[in-house]
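Residue-level listing of the chains:
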Amino acid sequence: MNVSGLAARSATVAVVPSDPSQTYYFSVVRSADFADDETLIAADLAAFGRDADDKGLSLGDYLGRILSTGPDSFTFSNKLEPQTAYFAYAYGLTAEGTATTAVFRQSFTTPAEQHKPSDCTFRIEIPEVAASEATVRFIPSDETTRYFYTVLEREIFDKAQAEGGIFADDMQVFEYMAQMDNQTVEATIRQMTVTGTKTQKYVSLSPDTDYYAYAYGLEPDGFVTTELYVEPFRTEAPSRRECTFEITIEGITATEATVSVIPSDKQITYLGQYITDEQIAQGGGGDLQTYYANYFRAMADMAGVPVSEVVAQEVITGDLVASRITGLTEGETYNVFAVGVDAYGNFITDVELVRFEARNTAGPGGSTPFTLVLTDLSDASVRLEVTPGDGASRYLAGVVARDEAATFGGVSGYCRAELDMYDAMGMIDTYLDSHAHTGSWSGVFDRLEPGSSYEAYAVGVDDRGAFTTPFTEQSFVAGAAGAAAVRMRRAALPHAMRQMADPRAGIPCSRPGK
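Residues numbered from 1 in each chain as written. Predicted model: local features only at pLDDT ≥ 70, side-chain atom pairs only at ≥ 80, totals over all residues. Heavy atoms only, no water.

Q: Run through the environment of Tyr216, naming residues and quoting values.
A: Looking at the element boundaries, Tyr216 is found in strand E11 (residues 210–217). On a C-alpha basis, the gap between Tyr216 and Ser4 in space is 28 Å, while along the polypeptide they are 212 residues apart. Those residues in contact with Tyr216 that lie beyond four places of it in its chain are Phe122, Tyr147, Phe148, Phe167, Asp170, Val224, Thr226, Glu227 and Leu228. (Helix = DSSP H or I, 4+ residues; strand = E, 2+ residues; numbered from the N terminus. Contact = heavy atoms within 4.5 Å.)

Dropping the structure here:
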């Protein structure tokens, strides 16, 4: 163990274990508070349990997040007291909460405070406020005082003040940023603080929302030199536009549909997307505007770009005609909606929304599009004979293991994922030329697993790979005798392609036509 970067309120602790594969925990404790190894470990485990409960995690999941392996270090910034004796300590600990070593300790003492409080005051002016923007000017009385400034939603600010204070909350942010940038907390604070008057334009704010602009003196070692100065303001409501949308949905099957959106104002920028009730509930608490506000911010943070750039990639202008949406889940209800938005994603029109259920409809005249006949069924092979009815001039047919199809929500999802994969590679024409059939057809599928369940199927397709009929399916079980064999010709798709094929993998929703 090594302790470096000693300051009045901070220190960096580095740990190098002899066994790099073993999990362990390390921290600091005041020497006066240390009794013995057993008491220290018991106190840590009790604190872990409380923190896990607060975060809604099991103890194992929580420890899995905080335990270290191999060499590790951490800067305890603004967490220590000046001129105080401490122990840096570490001990082996499993994810089940079992200590595997004795407690290793390294003593150190923090030096005296090097800074003195400043009598600097701040004047905060807000000359311009709009729905998603505000210009804020921070003016210190002492041009040489280093300080931190920012803007926070009032609700977030008040919560931070109630749970430990805004200073401590900001310090947690600095520590997180330092970890992300692989640098010290002191270097991060130095980058985040300024001297002199600063005018800042804040964008991507939530409309019709209370905010606080605030500033306080702060040295790079985390020492706060002034009082906290706060100026409240409220953003305006977004400007409304008069526009209506006509939405039509056609060609609904278990996995896809065709959507058209016609806005009355051809110049307006709008979102035209589809989404499930579950997605809205998880990402926006049941509110569509909140869902997209969270989504735009998350994507902007992930990409390191302004929210306006994310919005620009999502919006549509003009008519959206006969756009095919794919990868739907059979039996799921979807909301197709359109709403005008401004440059920051704020809703500026009423939402037009149409709901539909992804399901197969009856074939022409209510008949089944295909007749499937299974012959020559043995332990490891089967012959599939397909006779099309009135439903398709070109079709796909095959056999897939039931558990493999279930990975994609059923046979239709499996086939849709495979078609989408070849489409993404620019090989959909090649795939259809070699796999699609016309007229009556038969083929042998071998290398089945004895005793396993399978689905034989047929479905009409067009030249783009869109399904033109409902699926016709027939279940069977391979013979129970004989040796086990490998999977058949429809190999499992790579994990990344499974995620791409699943419309509910991740936050983003697919936009019709995209």
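After presenting the structure, the write-up continues.
Q: Quick rundown of the packing of helix H4 (residues 166–181) against helix H5 (residues 185–192)? Include the residues and the values.
A: The N-to-C vectors of H4 and H5 enclose an angle of 110 degrees; their axes lie 8 Å apart at closest approach. Classed by the angle they form, the pair H4 and H5 counts as roughly perpendicular. Judged by the twist between their axes, the crossing of H4 over H5 is right-handed. Facing Met171, Phe174, Glu175, Met177 and Ala178 of H4, the residues of H5 in contact are Val185, Thr188, Ile189 and Met192. Counted by class, the contact of H4 with H5 contains 7 nonpolar, 1 polar and 1 charged residues. (Axes fitted to C-alpha atoms, helices over the stretch in contact; angles between N-to-C directions. Parallel < 35°, antiparallel > 145°, perpendicular 65-115°, else oblique. Left-handed = near helix turned anticlockwise from the far one by under 90°. Nonpolar A, V, L, I, M, F, W, Y, C, P; charged D, E, K, R; others polar.)

Q: Explain the confidence of the model for the protein chain residue by residue, including any values.
A: Of the residues in the protein chain, 90% reach a pLDDT of 70 or more, and the chain-wide mean stands at 84. Confidence over residues 362–367 falls short of pLDDT 50; this stretch has 5 contacts with residues more than four positions distant or in other chains. Here residues 480–514 is a poorly scored stretch, pLDDT under 50, and it has 94 contacts once near neighbours within four places are set aside; other chains count. (pLDDT = per-residue confidence, 0-100.)

Q: Provide a residue-level description of the sheet that holds strand E9 (residues 147–153), including the pertinent values.
A: Strand pairing in a sheet relies on backbone hydrogen bonds, with the paired strands running either antiparallel or parallel. The strand order across the open sheet formed by 3 strands is E9-E11-E12, and the pairing between neighbours is antiparallel. Each end of this open sheet is capped by a strand with a single partner; those strands are E9 and strand E12 (229–234). Sheet twist, expressed as the average angle between the axes of neighbouring strands with direction ignored, equals 15 degrees. (Pairing = 2+ DSSP bridges.)

Q: Explain the pattern of salt bridges residue by residue, including any values.
A: Within this structure, the stated rule accounts for 24 salt bridges. A salt bridge links Arg383 to Asp376; its shortest N-O distance comes to 3.7 Å. Under the relative-accessibility criterion, Arg383 is labelled partly exposed at 26%. Salt-bridge contacts for Arg464 lead to Asp462; the nearest nitrogen and oxygen are separated by 3.6 Å. Look at Arg464 and you get partly exposed, because its relative accessible area is 49%. (Salt bridge = Lys/Arg side-chain N within 4 Å of Asp/Glu carboxyl O. Buried < 20%, exposed > 50% of the residue type's maximum accessible area, 1.4 Å probe, protein only.)

Q: Describe the packing of aromatic side chains, naming the residues involved and giving the relevant values.
A: All chains considered together, the criterion is met by 36 aromatic pairs. Here Phe467 and Phe471 contribute two aromatic rings whose centre-to-centre distance is 5.0 Å and whose plane-to-plane angle is 85 degrees, an arrangement assigned as edge-to-face. One aromatic cluster is present, built from ring pairs that chain together Phe148, Phe157, Phe167, Phe174, Tyr212, Tyr214 and Tyr216. A cation over a ring is seen here: Arg105 above Phe87, with NZ or CZ 4.7 Å from the ring centre. Of note, Arg416 hangs over the ring of Phe467, and the distance from its end group to the ring centre comes to 4.9 Å. (Phe/Tyr/Trp six-rings, centres within 6.5 Å; stacked < 30°, edge-to-face > 60°. Lys NZ or Arg CZ within 6 Å of the ring centre and 35° of its normal.)

Q: Pulling in residues and values, what's your account of H5?
A: All of the buried residues along H5 are Val185, Thr188 and Ile189. Relative to the axis of H5, the buried residues are bounded by an arc of 95 degrees and lie together on one face. For H5, the elements touching its buried residues are strand E4 (72–76) and H4. (Arc of directions from axis to C-beta.)

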